[in-house]
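If you want the building blocks of each chain, they are given just below.
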Amino acid sequence: MLETANSILAWSLGWPEILVILVIALILFGRRLPEVARSLGKSLTEFKKGMNETQDEIEKKVNDNDQPKP
């Protein structure tokens, strides 16, 4: 169990690693970086919206099944 925790902690990202990733992204995408970030944000928003809709449907089905039938 301790080995698993140590291996997970070994792969955590610190500020130097994040900075290197950002510099590489800037080099690769350059001027398109704002466009890429915008599309990533839109995708994340759509994903969250879909997850909320799915959760609402599940809760509705559970509540419908809890109601006594006349």
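The rules behind these values
Residues numbered from 1 in each chain as written. Predicted model: local features only at pLDDT ≥ 70, side-chain atom pairs only at ≥ 80, totals over all residues. Heavy atoms only, no water. Helix = DSSP H or I, 4+ residues; strand = E, 2+ residues; numbered from the N terminus. Buried < 20%, exposed > 50% of the residue type's maximum accessible area, 1.4 Å probe, protein only. Areas by Shrake-Rupley, 256 points an atom, 1.4 Å probe, with all protein chains shown as cover. Patch = residues over 30% accessible without salt bridge, like charges linked within 9 Å, V, L, I, M, F, W, Y side chains within 5 Å. Salt bridge = Lys/Arg side-chain N within 4 Å of Asp/Glu carboxyl O. Lys, Arg positive; Asp, Glu negative; His and termini not counted. Charge placed at Lys NZ, Arg CZ, Asp CG, Glu CD. Expected span 1.5 Å × (residues − 1). pLDDT = per-residue confidence, 0-100.

Draft legend 1. Spotlight on the overall build of the protein. The secondary structure content of the protein amounts to three helices and zero strands. In the protein, the order of α-helices and β-strands from amino to carboxyl end is α-α-α. Looking at the 70 residues of the protein, the share that counts as buried comes to 1%. When the accessible surface of the protein is split by element, carbon and sulfur atoms take 65% of a total near 7,100 Å².

Draft legend 2. Structural view of a negative patch on the surface. On the surface, Glu53, Asp56, Glu57 and Glu59 cluster together into a negatively charged patch. Tracing the backbone through its elements, the reader meets Glu53 in helix α3 (residues 33–66).

Draft legend 3. Quick look at a nonpolar patch on the surface. Taken together, the side chains of Leu13, Trp15, Ile18, Ile21 and Leu22 make up a nonpolar region of the molecular surface, amounting to roughly 570 Å² of accessible area. Examined against the element boundaries, Leu13 turns out to sit in the loop between α1 (2–10) and α2 (15–29).

Draft legend 4. Examining α2 more closely. Look at α2: 21 Å from first C-alpha to last across 15 residues, which is about the 21 Å you get at 1.5 Å a residue. Phi turns positive, to about 50°, at Gly30, one or two residues after α2.

Draft legend 5. Main features of the confidence of the model for the protein. Here the protein shows a mean pLDDT of 82. Residues at 70 or above account for 79%. Ranking the elements of the protein by mean pLDDT puts α1 last, at 56, and α3 first, at 90.

Draft legend 6. Spotlight on the pattern of salt bridges. Summed over all chains, the structure comprises one salt bridge. Notably, a salt bridge pairs Lys49 with Glu46, separated by 3.7 Å at the nearest N-O pair. Here Glu46 and Lys49 lie together in helix α3, a separation of three residues that amounts to about one turn. In this structure Lys49 comes out as partly exposed when scored by relative accessible area, which is 43%.

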